[in-house]
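Tertiary structure, described
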Amino acid sequence: MTRNGKIELMAPAGNFESLQAAIDSGADSVYFGVEQLNMRARATINFTLEDLPEITRRCGKRNIRTYLTLNTIIYDHDLSIIKTVLDTAKESGVTAVIAMDQAVIAYARQINMEVHISTQINITNIEAVKFYSLFADTVVLSRELSLRQIKKICSQIEKEGVKGPSGNLIEVEVFGHGALCMAVSGKCYLSLHSHNSSANRGACKQNCRKKYTVIDQESGFEIELDNEYMMSPKDLCTIDFLDQIIDAGVKVLKIEGRGRAPEYVATVIKTYREAIDSYYEGTFTKEKIDVWMKALEKVYNRGFWGGYYLGQKLGEWSDGPGTQATQKKVYVGKGVHYYPKPGIAEFKIEAYDIKVGDTLLITGPTTGVKELQLDQMMVDDLKTAMAEKGNNCTFPTGFKIRPSDKLYKIVKE
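Residues numbered from 1 in each chain as written. Predicted model: local features only at pLDDT ≥ 70, side-chain atom pairs only at ≥ 80, totals over all residues. Heavy atoms only, no water.

**Notes on the overall build of the protein**
A tally of regular secondary structure across the protein gives ten helices and 24 strands. When each of the 413 residues of the protein is scored for burial, the buried share is 52%. Once local pairs closer than 6 in sequence are excluded, the contacts in the protein between residues at least 24 apart make up 67%. Of the roughly 19000 Å² that the protein leaves accessible, carbon and sulfur atoms contribute 50%. (Helix = DSSP H or I, 4+ residues; strand = E, 2+ residues; numbered from the N terminus. Buried < 20%, exposed > 50% of the residue type's maximum accessible area, 1.4 Å probe, protein only. Contact = heavy atoms within 4.5 Å. Areas by Shrake-Rupley, 256 points an atom, 1.4 Å probe, with all protein chains shown as cover.)

**Notes on the pattern of salt bridges**
Across all of its chains, the model carries 16 salt bridges by this definition. The closest approach of N and O atoms between R58 and E54, which form a salt bridge, is 2.8 Å. Linking R58 with E54, this pair stays in helix 2 (residues 52-61), spanning four residues, or about one helical turn. Three or more residues joined by partner-sharing salt bridges are found here, namely K6, D28, R273 and D277. (Salt bridge = Lys/Arg side-chain N within 4 Å of Asp/Glu carboxyl O.)

**A few points about the pairing of strand 3 (residues 65-70)**
Of all six residues that make up strand 3, five are buried, and the element is covered over most of its length. The sheet contact formed by strand 2 (residues 29-32) and strand 3 spans four bridges and is parallel. Paired with Y31 across the bridge in strand 3 is Y67. The pairing of strand 3 with strand 4 (residues 96-99) spans four bridges and is parallel. By the bridge assignment, Y67 is partnered in strand 4 with A96. At this point the chain moves from strand 3, through helix 3 (residues 79-92), to the parallel strand 4, and the crossover so formed is right-handed. (Pairing = 2+ DSSP bridges. Right-handed = clockwise from strand over helix to strand, strands pointing away.)

**Some points on the sheet that holds strand 16 (residues 344-349)**
Pairing within the open sheet is antiparallel, and its eight strands lie in the order 19-18-24-15-16-23-20-21. Each end of this open sheet is capped by a strand with a single partner; those strands are strand 19 (368-373) and strand 21 (382-384). Averaged over all pairs of adjacent strands, the angle between their axes in this sheet comes to 35 degrees, without regard to strand direction. As paired elements, strand 15 (residues 327-339) and strand 24 (residues 406-412) share seven bridges and run antiparallel to each other. Each residue of the ladder has a partner; that of G333, found in strand 24, is L407. Contacts from helix 1 (residues 16-25) reach strand 18 (359-364) and strand 19, with the element oriented near 70 degrees to strand 19. (Axes fitted to C-alpha atoms, helices over the stretch in contact; angles between N-to-C directions.)

**Details of the side chain of R260**
Along the chain, the position of R260 falls in the loop between strand 12 (252-255) and helix 9 (262-281). At a separation of 3.2 Å, a polar atom in the side chain of R260 contacts the side chain of Y264. Setting aside residues no more than four positions away along its own chain, R260 makes contact with S18, G178, A179, D235, Y300 and R302. (Polar contact = N/O pair within 3.5 Å; in protein donor to acceptor, adjacent residues only side chain to side chain.)

**Let's talk about the packing of helix 1 against helix 9**
The relative placement of two packed helices comes down to the angle between their axes together with the axis-to-axis distance. Helix 9 packs onto helix 1 with a crossing angle of 20 degrees between their chain directions and a minimal axis gap of 8 Å. The angle between the axes of helix 1 and helix 9 places the two elements in the roughly parallel class. The interaxial crossing formed by helix 1 with helix 9 has right-handed handedness. Judged by residue contacts, E17, S18, A21, A22 and S25 of helix 1 engage P262, V265, A266, I269, K270 and R273 from helix 9. For the contact of helix 1 with helix 9, the residue count by class is six nonpolar, two polar and three charged. (Parallel < 35°, antiparallel > 145°, perpendicular 65-115°, else oblique. Left-handed = near helix turned anticlockwise from the far one by under 90°. Nonpolar A, V, L, I, M, F, W, Y, C, P; charged D, E, K, R; others polar.)

**As for helix 2**
Working note: α-helix, 3.6 residues per turn, so residues spaced by three or four point in the same direction. For helix 2, the complete set of buried residues consists of L52, I55, T56, R58 and C59. Down the axis of helix 2, the buried set is contained in an arc of 165 degrees. They therefore lie on one face. Lining the buried residues of helix 2 we find helix 1, strand 2, strand 3 and helix 3. N63, located one to two residues past helix 2, shows a positive phi value of around 60 degrees. (Arc of directions from axis to C-beta.)

**Concerning the environment of Y132**
Within the secondary structure, Y132 is located in helix 5 (residues 126-132). A relative accessible area of 12% places Y132 in the buried class. Distance from Y132 to I105, taken between C-alpha atoms, is 9.8 Å for residues 27 residues apart in sequence. With sequence-adjacent residues up to four places away left out, Y132 is seen in contact with Q102, I117, I121, I123 and V139.

**Some points on the packing of aromatic side chains**
Applying the stated rule across the entire model yields ten aromatic pairs. Summarising the aromatic geometry, the rings of F32 and F47 are spaced 6.0 Å apart at their centres and angled 90 degrees between planes, so their arrangement reads as edge-to-face. Separated by 15 residues along the polypeptide, F32 in strand 2 and F47 in the loop between strand 2 and helix 2 bring together distant segments of the chain. Summarising the burial analysis for this pair, F32 and F47 share the class buried. (Phe/Tyr/Trp six-rings, centres within 6.5 Å; stacked < 30°, edge-to-face > 60°.)

**Comments concerning the packing of helix 3 against helix 4 (residues 102-110)**
Orientation of helix 3 relative to helix 4, taken along the N-to-C sense of each, is 40 degrees, at an axis distance of 10 Å. Looking at the two axes, helix 3 sits oblique to helix 4. Considering only the axes of helix 3 and helix 4, their crossing is right-handed. Within the contact between the two elements, helix 3 uses L79, I82, K83, L86 and D87 and helix 4 uses A103, V104, Y107 and A108. Looking at side-chain class alone, the contact of helix 3 with helix 4 contains seven nonpolar, no polar and two charged residues.

**Some thoughts on unusual backbone geometry**
Even without being glycine, N122 reaches a positive phi, approximately 70 degrees. When you line up the elements, N122 lands in the loop between strand 5 (114-117) and helix 5. With phi around 65 degrees, D381 is a residue other than glycine that occupies positive phi space. Within the secondary structure, D381 sits in the loop between strand 20 (377-379) and strand 21.

Right under this line is the structure:
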């Protein structure tokens, strides 16, 4: 629970661009993985142990909580690594660890580090909450629960005074937005069977996102599952009934997406920040929901549905293999220099042309995610309406850019 009494908005961070985007967009907390022992173990979307002090430094400046995910199945040969990771996290000031294996939970408690129970544990009732309250201050409930079931668990926590090691009432966390898995609370074995690559060790090959043909083994008759990726659910979106989630007693709303782009993090967190603030201000309206939905549709999504919260059966399948976003980014070039007095940025154009009137996106490990409308620019100290591949162009940004920054333009799909 945030200090101002609002539901906590938790953002994903797969790299420093996404971390900065989460910070700038109004997240109350961020979650991230290091090395290989988390459910997004691909190296491209993880930090290293050496990054932890910088993560906590940036978040600490804004009073944002930091959660380390160590929520995979753990084997004996992982135990020494687990201890090293947790010791480093503790020393670096990481707020809590998100865990599902008892070895991780036990060692975190041994070093007096706050524990949050992962959804992989599949908590579905108050007695399970009581059991894990011996070790943890926050529990992520099973993704398969309805809001009615969640509300009952939350009310029983208050009624029975179920407290964690901190002495505070146990806080309930649920998923609010992002990719859903057909498996029960994310526990899937398809990838292990087909590729010897365990999803429960963070190495999912996403079998469920593919298109399949069903074959009758007796006759050889084939049926292609037309227009339906029947193991690939649409993305979860709760913004249209966010008021009901808060009223149910949920304390933490988790946004999924450590593998998605930094502009996804920026857009989704900014939108849910507005919605949460609007709820507490008493201005949560249908008209605002329509605007928020249009904003969410701009970034990566497989279409939206409300999950199990309102009692739907699983059947909201995606009808395509990838995104249904209404816009996409196209790489244009990279940062060269920033002139602080006039607030002018210089970029090298390496790919597509840009024109006055374009919407530009700038991302970088320190810059985060910035979007702007290109109103004017110069090439070779001359005002121009277009910059081409090979040009160095300058234009006002009002914020510092760096040589590590990438420049994109936004185009409609």
